[in-house]
Every structure is written in C-alpha cells, then in structure tokens.
Amino acid sequence: MNDSTTARPVVLDVWCELQCPDCHSALEDLRALRARYGSRLEPRLRHFPLDKHKHAYAAAQAAEEAVEQGQGWAYVEAVLARTEELAAKGEPLLLEVARDLGLDDEEFDTALIDGRHLLIVDADQAEGKAIGVTGTPTYVIDGERLDGGKGQEGLRARIETIADRLLADDA
C-alpha cells in the first residue's frame with residue numbers, strides 16, 4: 001500500500017485556448033476539481049490556440065511566461081475570466097494581467113517579441129492534433145479524451161470517476 005503523500009498525482013491534461021469562451025465556462029469545473037483533489041490531481045495546461053481567435057497564440061506564449069514566473073494557473077484563470085476583453089484589446093491585456101498579478105510585465109513583452117515560448121506552444125498544438133484534439137477545452141485523463149468544446153455537461157463527473165478509480169488503484 002502506497003503512502004498517499006508519496007503517490008504520484010493523477011495527471012489531467014487540459015487542452016485550452018485563452019480566448020475561448022468554452023474554456024472560460026470550464027473554469028468553474030477546473031476550480032472544483034482542484035479544490036476536491038488538491039495535490040492528488042495535476043492539471044497540466046496544454047496549448048491549443050485556434051485560428052479563429054487572433055490573440056490566442058500570443059496568450060499561449062504569455063501563459064508560458066507566467067509559468068516561468070511561477071504563476072501559471074493564476075495567470076490562465078485571470079486571462080480566461082476576461083476572454084471578451086482579450087478579443088478587443090489583444091496583447092495590451094496580456095501585459096495588464098501580468099502587472100495585476102505582480103509579474104514582470106516587461107519580461108512578458110520581451111517574451112512575446114522574442115518568441116522564447118513558441119516551441120512549447122507549437123509542440124502542444126502538434127501533439128493535440130496528433131491525438132485528435134479539434135477544439136477547446138479538451139481533457140485527457142488516463143488516455144481518455146473528453147471533448148469539452150461540445151459542452152461541459154457531465155465532463156467534471158466523468159473526470160472525477162476516472163480520477164477516483166486511478167487514485168483507488170494507487171492506494
């Protein structure tokens with residue numbers, strides 16, 4: 001029997017796009033999952049910027065800069081809470097959110113100019129396409145792909161069922 005403090009967390013890949021209204025709607029489910037499982041669930045942000053949202057690619061790069069600065073999820077949640085504003089303002093909003101969180105917004109600006117996070121975003125997008133991601137949000141847990149772009153109804157319950165099973169198997 002494994003000690004629960006040493007058991008590896010269940011990984012939940014969250015294929016997300018920061019200008020996506022459906023991802024905005026999924027925030028509540030992600031918060032609830034993180035509250036329920038704490039460190040036993042590791043949600044991993046995976047980028048899948050869609051062509052129809054012109055600021056999504058820059059937002060994905062900015063999110064990676066937030067990860068570098070130690071506030072990845074806080075940044076993601078703050079940007080997702082303002083998807084309509086992102087559509088209207090673009091990159092200035094990304095810098096504003098960084099400032100609001102006390103991050104180095106000048107470093108964000110530089111990162112967007114020099115493209116230091118392009119490879120991560122491109123690799124995520126390529127992997128997403130390879131496993132059949134077509135829209136956002138899409139979740140992958142224990143090899144099962146759950147498409148949230150077609151609606152959030154029942155997805156959290158399905159994720160909880162899989163996570164509970166995996167955590168019980170680990171115990």
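The preceding data block contains the structure.
All of the points below concern the structure found in this document. On a predicted model such as this, the values are computed, not experimentally measured, just so you know.

Cut-offs used in this document
Residues numbered from 1 in each chain as written. Predicted model: local features only at pLDDT ≥ 70, side-chain atom pairs only at ≥ 80, totals over all residues. Heavy atoms only, no water. Salt bridge = Lys/Arg side-chain N within 4 Å of Asp/Glu carboxyl O. Helix = DSSP H or I, 4+ residues; strand = E, 2+ residues; numbered from the N terminus. Buried < 20%, exposed > 50% of the residue type's maximum accessible area, 1.4 Å probe, protein only. Axes fitted to C-alpha atoms, helices over the stretch in contact; angles between N-to-C directions. Parallel < 35°, antiparallel > 145°, perpendicular 65-115°, else oblique. Left-handed = near helix turned anticlockwise from the far one by under 90°. Contact = heavy atoms within 4.5 Å. Nonpolar A, V, L, I, M, F, W, Y, C, P; charged D, E, K, R; others polar.

Bringing the pattern of salt bridges into the picture now. Applying the stated criterion to the full structure yields 21 salt bridges. Across the pair arginine 156 and aspartate 29 runs a salt bridge, and its minimum N-O distance is 3.3 Å. Taken together, the residues arginine 156 in helix α8 (residues 155-170) and aspartate 29 in helix α1 (residues 21-37) connect sequence positions 127 residues apart. The class of aspartate 29 is buried, set by a relative accessible area of 14%. Residue aspartate 124 pairs with arginine 46 through a salt bridge whose shortest N-O separation is 3.0 Å. Linking aspartate 124 in helix α7 (residues 118-130) with arginine 46 in strand β2 (residues 41-47), this pair joins segments that are 78 residues apart in sequence. Like arginine 46, aspartate 124 is buried.

This part is about the packing of α1 against α8. Interaxial distance between α1 and α8 falls to 11 Å at its minimum, and their mutual angle equals 25°. Taken as axis vectors, α1 and α8 run roughly parallel relative to one another. The crossing of α1 and α8 is right-handed. Packed against α1, whose contacting residues are Glu28, Asp29, Ala32, Leu33, Arg36 and Tyr37, the element α8 presents Arg156, Ile159, Glu160, Ala163, Asp164 and Leu167 at the interface. The residue makeup of the contact of α1 with α8, split by class, is 6 nonpolar, no polar and 6 charged.

So, about unusual backbone geometry. With omega at -5°, the peptide bond leading from threonine 136 into proline 137 counts as cis. With respect to the secondary-structure elements, proline 137 resides in the loop between α7 and β3 (138-141). Backbone geometry at aspartate 142 places phi at a positive 55°, although glycine is not the residue there.

Keep in mind that these numbers describe shape and distance, not what the molecule does.
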